[in-house]
Amino acid sequence: MNISKKNLICLLCLPLLSTLLSGCWDDRELSELGITSGSAYDWEDNQWKATYQVINPSSGASSTGGTGGGSTSSPPFVTFTVKGKTIMEAVEKTNLTSTRQMFFSHSRITVLGESLARQGVNQLIDMFLRKQDARETVYVFIAKGEAGDILDQLMQLTKNQGAGIQLMIEQESRLVSYYPGIRMFELAMALSSESGSAILPEILLTGREVMDETQETGRTDLKTRLALGRLGVLKGEKLVGWLSQKQAFGLSFMTDKIKTATIVFPSKPESGDKPDASFVLQKSRTTVHPKWENDHYVIDIHIKGSGVLSELGSVMDLNERASITEMEQALEQQVLELVDNSWKEVRKLGADVTGFAIKIHRSDRKRFKQIRKDKNWDRVFQEIEIRPHVSMKIERTGLSNKSFKSVHEK
Amino acid sequence: MNRKVGTTQAAMLIVNTILPTATVVLPAIISNYAEQDAPLAILLSAFFGLLIAYIVGSAVRCTNGAPFLTWVGEKSSPAIAAVLGLFMLQFYLDTSTTILREFVNFLKDNVLINTPISILCVLILLITIYMVRQGLEAIARVNSLVILLYLLFVPLYIFGLTDEMNVHQLLPMFDHSLAELTLASITPTTWMSEVAVLLFLAPYLQSPQKARIIGWTGLIFVAMLMMFSLIIALMVFGPDLIRLSAYPGFSAASIVHLGRFIEKLDILFISYWVLSIYVKFSIFLFATVECFKQTFRVGSSRPFIGTLGLLIVLECLYTWQSTEKLNLYNKEGRFLVFFLFNVLVPLGAVGLDRFTKAKTKRKGWGA
């Protein structure tokens, strides 16, 4: 027997290789995972009620529509509703009804029911920031009634509902700018900031009936659709009220969240207040300057915007500078009204979703430290006076120099 | 196999001697004290770090690349060198242990949740022992490649977070008192003091006389990268949320996205971090083995690497079981120990050198 030392070591090591056969402790088979694309949380009977939307791999659904090789009659996703004293207890309970372990890394949205939002959202945020596979970039929404119902609704142009709602909010904040999409870490940032307040867009069903059968999506006009609605306002950790879309739009101007927006306005204010023109705001910039005057803060809000005229319903010659100036003034008045209207409601709610506390801390830190020490920010906030200054510029007027209505005036 | 390490390679070694655990542990500690003024605390600690690098570099210049403890033995007495060696061995064993524990804790928290810690420790140790057995020059070469990867990861990190960064989150500046800033800079200074590992790497340096430049260059890079990571995390999360996060730099990485097609890149950044912490652990294991070799005057350290590794694993498994204990040590206890071994020891070496030189001169005059 003339075995070299190296060969002997190799022979001895061979049995050790068998330990690799047992696999890794953290291995997970794809076929055993329930990939959630959305989750919803309600508060019912002093318990967490969680609904999870799990992608159904056998439906042949793709993320943006189209059909794959699977069965098209089975729904693109299935939902599980479970209850628990804590969120994790509810998550674990899904294993009693599902063949797959929940996997949250691909989640796109989270919907909070009003009941939960009134109860408090701290525990939920904590779970999202703590849990390894929870995704802090999920978009968060609030629903007036049961949040779980939202996840049951099928969508037509996309089969992955979670991804569809994500697209909706991204498009809304890019094209309409009524409110920005809020992701979980942004919600946590807003609530932990000096302001201690946050906003959440509402998601709602337009009808009473939930469209949760695949055959129902064969209709051209669904009875019930998903839609974005108002803006929920949270203070501390609780929902304190709502802003209408118009008020939310004004808030977007105050907080510099406008990307692109369409503003409707009366082109000739002296002839009536009826809006008959549309302006696409392509650029907008808001700067906020707080200053202490006598016994309260005055916030100078400078809003500067420019864009293109896209619709005109009155007789007007757009080659005349006076006409353009008149419309610009009407636009400015419109934005001022939006801002004023929004500020009144925000002040009524007493929640600093404007982020004024942050601005004051940055510009007047000594006084702010004192305010924080005295714990009287709420009083200071109520006494704030805003002075909005709006400057709108119509840079282009589109492909017509005169309104079509002027043809009939001849 | 142990060839000499060039000056640039050595400076890069210093970067990864400090940075991997610093990026994980420090942001939470610094931002807890200094919030948006955290970059100022890093600047302050970099200043102290450069001072320490000056002292360490001077000590290495005194030894002129000779093994540190052997040199101490020659200049003072073998008994003093042996006692100092024993203490330093204990220090390097403890430091290597905490590095291993931080490594394992991070993996357990973020990726391998169910894998037993003992398995992780043993696997990491086996790989590191293999690295150490290849010698410092091999580690330095691997380290240079790891550092080069920054060219990929830094732009990816910046461009992936461009939309999420808000420079106003860094305001108001100078919101904290000097006392708070000093408190915030104490822990990063202890990390910067790890530059003292040069004392044991010196015999393998091509130009030990350039130890100061090696230390300074390494520390400047560390400070820059720390600032980069912390400022970006601050601009993304703001000073309030960053305090809640255990690993703010990696939380920011989880938000990195390029369009809608490249997102959730945290695992990529974690993989890169794992590469760099392997280098860090191997440098400290190498220093531990060197310390052992010089203390016990053994010709070859190879047979002892496994035993020292076993000690490190056992200490890691049984001394640092509790994360709170490790966090408390990092926050409060570490400064004293590191000041003793990374500042006072090299300072003592410089003093000893001056003293013996003065003594020789006096003797010369006497003759």
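These numbers come from a predicted model, not from an experiment. (Residues numbered from 1 in each chain as written. Chains lettered and ligands numbered in written order. Predicted model: local features only at pLDDT ≥ 70, side-chain atom pairs only at ≥ 80, totals over all residues. Heavy atoms only, no water.)

Undergrad: When you look at the domain arrangement of chain A in this model, what are you seeing that I'm missing?
TA: Accessible area lost upon the coming together of the parts is a frequently used measure of interface size. Residues and elements named next belong to chain A. Each assigned domain of chain A is listed with its residue range as follows: domain 1 (31–57 + 73–243) and domain 2 (256–409). Averaged C-alpha coordinates put domain 1 and domain 2 at centres separated by 32 Å. Each side of the interface is counted separately: domain 1 has 19 residues, and domain 2 has 20 residues. Here domain 1 meets domain 2 over a buried area of about 1400 Å², counting both sides, of which 60% is carbon and sulfur. The tally of links from domain 1 across to domain 2 stands at 1 salt bridge. A salt bridge links Lys235 to Asp378; its shortest N-O distance comes to 3.2 Å. (Domains from an automatic or database assignment. Contact = heavy atoms within 4.5 Å. Buried area = accessible area lost by both parts, 1.4 Å probe. Salt bridge = Lys/Arg side-chain N within 4 Å of Asp/Glu carboxyl O.)

Undergrad: Is there a simple way to explain the side chain of Glu102 of chain B in this structure?
TA: Relative to the elements of secondary structure, Glu102 of chain B occurs in helix 4 (residues 78–110). Not counting residues within four places of it along the chain, the set of residues in contact with Glu102 of chain B comprises Thr21, Val25, Trp191, Trp273, Leu326, Asn330 and Arg334 of chain B. (Helix = DSSP H or I, 4+ residues; strand = E, 2+ residues; numbered from the N terminus.)

Undergrad: Help me understand the environment of Val197 of chain B in this model?
TA: Residues and elements named next belong to chain B. Looking at the secondary structure, you find Val197 in the loop between helix 8 (178–192) and helix 9 (198–201). Val197 gets classed as buried once you look at its relative accessible area, which sits at 1%. For the pair Val197 and Phe284, spaced 87 residues apart in sequence, the C-alpha separation works out to 7.6 Å. Contacts of Val197, omitting those with residues within four sequence positions, involve Ile14, Thr17, Tyr92, Ile283 and Ala287. (Buried < 20%, exposed > 50% of the residue type's maximum accessible area, 1.4 Å probe, protein only.)

Undergrad: Help me out: how do you make sense of the pairing of strand 5 (residues 109–113) of chain A in this one?
TA: On a regular strand, each side chain points to the face opposite its neighbour's, so the side chains alternate between the two faces of the sheet. All names here are of chain A. Burial runs high along strand 5: 5 of the 5 residues are buried. The two faces of strand 5 match: Ile109, Val111 and Gly113 on one face and Thr110 and Leu112 on the other face are all buried. For strand 1 (residues 33–44) and strand 5, the ladder comprises 4 bridges, and the chain directions are parallel. Within strand 5, the residue paired with Ser39 across the bridge is Thr110. (Pairing = 2+ DSSP bridges.)

Undergrad: I tried to follow the interface of chain B and chain A on my own but got confused; where do I start?
TA: On the side of chain A, 25 residues touch chain B, which itself brings 30 residues to the contact. Across the contact surface, chain B and chain A share 4 salt bridges. One salt bridge connects Arg365 of chain A with Asp175 of chain B, and the closest N-O pair in it is separated by 3.8 Å. Inspection of the chain B/chain A interface yields 12 residue pairs in polar contact (both at pLDDT 80 or more). When contributions to the side of chain B that touches chain A are tallied by element, the ones reaching two or more residues are helix 4 and helix 10 (211–242) of chain B. Here the residues of the side of chain B that touches chain A sort into 13 nonpolar, 9 polar and 8 charged. (Polar contact = N/O pair within 3.5 Å; in protein donor to acceptor, adjacent residues only side chain to side chain. Nonpolar A, V, L, I, M, F, W, Y, C, P; charged D, E, K, R; others polar.)

Undergrad: Which parts of the structure should I look at to understand the sheet that holds strand 12 (residues 296–312) of chain A?
TA: As a general point, the strands of a sheet are linked pairwise by backbone hydrogen bonds and lie either parallel or antiparallel. Residues and elements named next belong to chain A. Spatially, 4 strands are ordered 10-11-12-13 in an open sheet, and the strand pairing comes out mixed. On the outer flanks of this sheet lie strand 10 (261–265) and strand 13 (385–396), each paired with one strand and no other. Pairwise comparison of adjacent strand axes, ignoring direction, gives a mean angle of 40 degrees for this sheet. Judged from the 11 bridges that link them, strand 12 and strand 13 form a sheet pairing that is parallel. Note on strand 13: the bridge partner recorded for Lys304 is Ser391. Where helix 10 (residues 356–363) meets the sheet, its contacts fall on strand 11 (277–293), strand 12 and strand 13, and the angle it forms with strand 11 comes to roughly 50 degrees. (Axes fitted to C-alpha atoms, helices over the stretch in contact; angles between N-to-C directions.)

Undergrad: Quick question: what am I supposed to make of the UniProt feature "domain: Spore germination GerAC-like C-terminal" (unreviewed entry) in chain A here?
TA: Sites flagged by UniProt as "domain: Spore germination GerAC-like C-terminal" (unreviewed entry) map to residues 231–398 of chain A. The span residues 231–398 of chain A shows a helical share of 38% and a strand share of 37%, and its end C-alpha atoms are spaced 33 Å apart. (UniProt positions renumbered as here; feature names shortened; annotations may be inferred.)

Undergrad: Whenever I open this one, a nonpolar patch on the surface confuses me. Can you help?
TA: Residue and element names in this part refer to chain B. Judged by side-chain polarity, Tyr54, Ile213, Trp216, Ile220, Phe221 and Met224 come together as a nonpolar surface patch covering roughly 580 Å² of accessible area. Among the elements that make up the nonpolar patch, the one with the highest residue count is helix 10 (5 residues). Structurally, Phe221 is set in helix 10. (Patch = residues over 30% accessible without salt bridge, like charges linked within 9 Å, V, L, I, M, F, W, Y side chains within 5 Å. Areas by Shrake-Rupley, 256 points an atom, 1.4 Å probe, with all protein chains shown as cover.)

Undergrad: Looking at this model, I keep getting lost on empty space enclosed by the protein. Mind explaining?
TA: Rolled over the atoms, a probe sized like a water molecule indicates the empty space that remains. Scanning the model with the defined rule gives 4 cavities of 30 Å³ or more in all. In this structure, the largest cavity spans a volume of roughly 330 Å³. In this structure, the largest cavity is lined by 18 residues; those nearest its centre are Thr23, Tyr150, Ser229, Phe269 and Tyr272 of chain B. Taken together, the elements giving at least two residues each to the lining of the largest cavity come down to helix 1 (7–34), helix 7 (150–161), helix 10, helix 11 (248–253) and helix 12 (266–296) of chain B. For the lining of the second largest cavity, the secondary structure elements donating two or more residues are strand 1 and helix 4 (122–130) of chain A. Its residues assigned to classes, the lining of the second largest cavity comprises 6 nonpolar, 2 polar and 2 charged. (1 Å grid on protein atoms, 1.4 Å probe; cavity = no way out; pocket = protein on both sides within 12 Å on 5 of 7 lines; lining within 4 Å. Points joined across faces, edges and corners; volume = space filled by probe spheres on them.)

Undergrad: How do you make sense of the pattern of salt bridges when you look at a structure like this?
TA: Where charged atoms from two side chains of opposite charge come close, those side chains can pair. Tallied over the full model, the rule gives 34 salt bridges over all chains. The residue Asp175 of chain B makes a salt bridge to Lys369 of chain A at a minimum N-O spacing of 3.5 Å. One end of the pair, Asp175 of chain B, is in the loop between helix 7 and helix 8; the other, Lys369 of chain A, is in helix 11 (residues 365–374), on a second chain. A relative accessible area of 42% means that Lys369 of chain A is categorised as partly exposed.

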